[in-house]
Amino acid sequence: MKQYVIGIDIGGTKVAIDLVSMQGKVVASAYFEVLSKKESLSSLSKMTEAIDELLKNKKLEKKSLKGIGVGSPGPVDSKKGVLPWSPHLPGWKGTPIVRVLKQKFKVPVYLANDANVGALCEKHFGVGKKVKSLIYITVSTGIGGGIILNEQIYAGHSFGAGEIGHMILVPGGNLCHCGKKGCFEAYASGTAVAKKAKKFIKENPNSQLAKLLKKEGGVSSKTLKQAFVRGNKDAKKIFSEQAMFLGVGVASLINLLNPAMIVFGGGVFQPPKKAADFIWKEILASTKKHAWKEPLKNCKVVRTQFTKGVGSLGAAALAIENLKQKV
Ligand SMILES: [Zn+2]
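Calculation notes
- Residues numbered from 1 in each chain as written.
- Predicted model: local features only at pLDDT ≥ 70, side-chain atom pairs only at ≥ 80, totals over all residues.
- Heavy atoms only, no water.
- Helix = DSSP H or I, 4+ residues; strand = E, 2+ residues; numbered from the N terminus.
- Rg over C-alpha atoms; globule rule 2.2 N^0.38 Å.
- Buried < 20%, exposed > 50% of the residue type's maximum accessible area, 1.4 Å probe, protein only.
- Contact = heavy atoms within 4.5 Å.
- Areas by Shrake-Rupley, 256 points an atom, 1.4 Å probe, with all protein chains shown as cover.
- Lys, Arg positive; Asp, Glu negative; His and termini not counted.
- Charge placed at Lys NZ, Arg CZ, Asp CG, Glu CD.
- pLDDT = per-residue confidence, 0-100.
- Core = buried A, V, L, I, M, F, W, Y, C linked by side-chain atoms within 4.5 Å.
- Disulfide = S-S within 2.5 Å.
- Expected span 1.5 Å × (residues − 1).
- Pairing = 2+ DSSP bridges.

Help me understand the overall build of the protein chain, please; the structure alone is not making it clear to me.
Looking only at helices and strands, one finds 11 helices and 10 strands in the protein chain. Taking 20 Å as the expected radius of gyration for a compact globule of 327 residues, we find that the protein chain reaches 21 Å, a close match to that expectation. Its C-alpha atoms give the protein chain principal-axis dimensions of about 65 × 45 × 35 Å. Counting the 327 residues in the protein chain, one finds 51% classified as buried. Taking the intrachain contacts of the protein chain between residues at least 6 apart in sequence as the baseline, contacts between residues at least 24 apart amount to 64%. By element, 54% of the accessible surface of the protein chain is carried by carbon and sulfur atoms, the whole surface being about 16600 Å². Averaging the coordinates of the 51 positive side-chain charges in the protein chain and doing the same for the 22 negative ones gives two points 3 Å apart.

Structural data, given as structure tokens:
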């Protein structure tokens, strides 16, 4: 009998579920919009219905399901198995998701932070298959990270490790949404880029960039990329600075942990390709400039090959990883 796991990714607004073979092949998927941000029970019961449906559609018996992995944003306490507080789903805090799914499906259920799950996805199914240590960095509206050392997620003493976005790069610098100043994320995330562009056009309302962004429909990292493709030098400068900071952050991680691989993912590499490739080239140049030669020489700095999110597949990897350890 073939064996399968379920991977569940809890996002800010939707839940994605994959039915995955033990070899990492996605055989069926489902997703739905979160039913309520104030309470989790309705969405939780929809989750169990969706899993039942996936198994039924594939004509699989319940016993072919071997485990369930769940990825969630925030500092997840994997031992307690309850969801942490998240600004997107405030009413979900404390939901005993592991217990509920375990009772319903009678299989082991594992819960981890979504960026850690992303790192596991690269390790099991992505570019990191052959390495024992890697750092996964996702750059979108924020910056998240997952650290794998000696083939294991490094979760930290109290499950808080991997918060790469909140390494302090500039003491007393830009205010971060976490409440501290000068975080990596406050300089190198998509949100930081949009803020910088807003400041620029406020100070230079008659600039070409101000006109272009207005035409593109407002300020975001996406419209800024369009301005870059049209040859705007100020947009180029903003991306160049973002990439410089990304390289600085990565260089510190390379010097600190000497990983075999750094894998970049996230919205920063969304099209247009010309802009994404420029940012990537600049990240590599900045990393080379700031990291120590020896650890850098032995570290592959690469982009993810997954073009869509890795959340639910990563959650499946979390289940597979833990099941293998149990054997
Ligand atoms: Zn911060």
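How should the confidence of the model for the protein chain be read in this particular structure?
When pLDDT is low, close inspection of the predicted coordinates is not appropriate. Looking at the protein chain, the pLDDT average stands at 93 and 99% of residues meet or exceed 70. Our summary of model confidence lists the complex with pTM equal to 0.88 and ipTM equal to 0.99.

Quick question: what am I supposed to make of unusual backbone geometry here?
Leave glycine aside and you will find that most residues have negative phi; peptide bonds, for their part, are mostly trans. Residue Pro-272 follows Pro-271 across a cis peptide bond; omega there is 5°. Tracing the chain through its elements places Pro-272 in the loop between strand S9 (261-265) and helix H9 (273-290). The phi angle at Lys-106 is positive, at roughly 55°, despite the residue not being glycine. Looking at the secondary structure, you find Lys-106 in the loop between helix H2 (97-105) and strand S5 (109-113). Residue Lys-106 is classed as exposed on the basis of its relative accessible area of 69%.

Just checking my understanding: could you explain the nonpolar core for this structure?
Among soluble globular proteins, nonpolar side chains are generally buried collectively. Counting 47 residues, the largest nonpolar core has Ile-137, Leu-209, Leu-224, Ile-262 and Phe-264 as the members making the most contacts within it. Here the element with the most residues in this core is helix H8 (residues 233-257); it accounts for 10 residues.

Sorry, what's going on with the state of the cysteines here?
Summed over the entire model, instances satisfying the criterion amount to 0 disulfides. Cys-299 provides the cysteine sulfur closest to Cys-121, a residue in no disulfide bond, and the two sulfurs are 19 Å apart. Taking the relative accessible area as the measure of exposure, Cys-121 reaches 0% and is therefore buried.

Looking at this structure, I do not really get helix H3 (residues 114-125). What am I missing?
Along an α-helix, residues three or four apart share an orientation, since each turn contains 3.6 residues. Over its 12 residues, H3 runs 16 Å from end to end, which matches the ideal 16 Å to within 8%, given 1.5 Å per residue. Counting buried positions along H3 yields 11 of 12 residues, so the element is predominantly enclosed. Among all positions in H3, only Ala-115, Asn-116, Val-117, Gly-118, Ala-119, Leu-120, Cys-121, Glu-122, Lys-123, His-124 and Phe-125 are buried.

Sorry if this is basic, but what is going on with the pairing of strand S7 (residues 143-149) here?
Side-chain positions along a regular strand alternate between the two faces of the sheet. Counting buried positions along S7 yields 6 of 7 residues, so the element is predominantly enclosed. Both strand S6 (residues 134-139) and S7 contribute to a ladder of 6 bridges, which runs antiparallel. Bridge pairing links Tyr-136 to Gly-146 in S7. Linkage of S6 to S7, two consecutive antiparallel strands, is achieved through a turn of 3 residues. Summarising the sheet, S7 and strand S8 (residues 152-153) pair through 2 bridges and their orientation is antiparallel. What sits directly across from Ile-148, in S8, is Ile-153. Connecting S7 to the next strand, S8, in antiparallel fashion are 2 residues, including Asn-150 with a positive phi near 50°.

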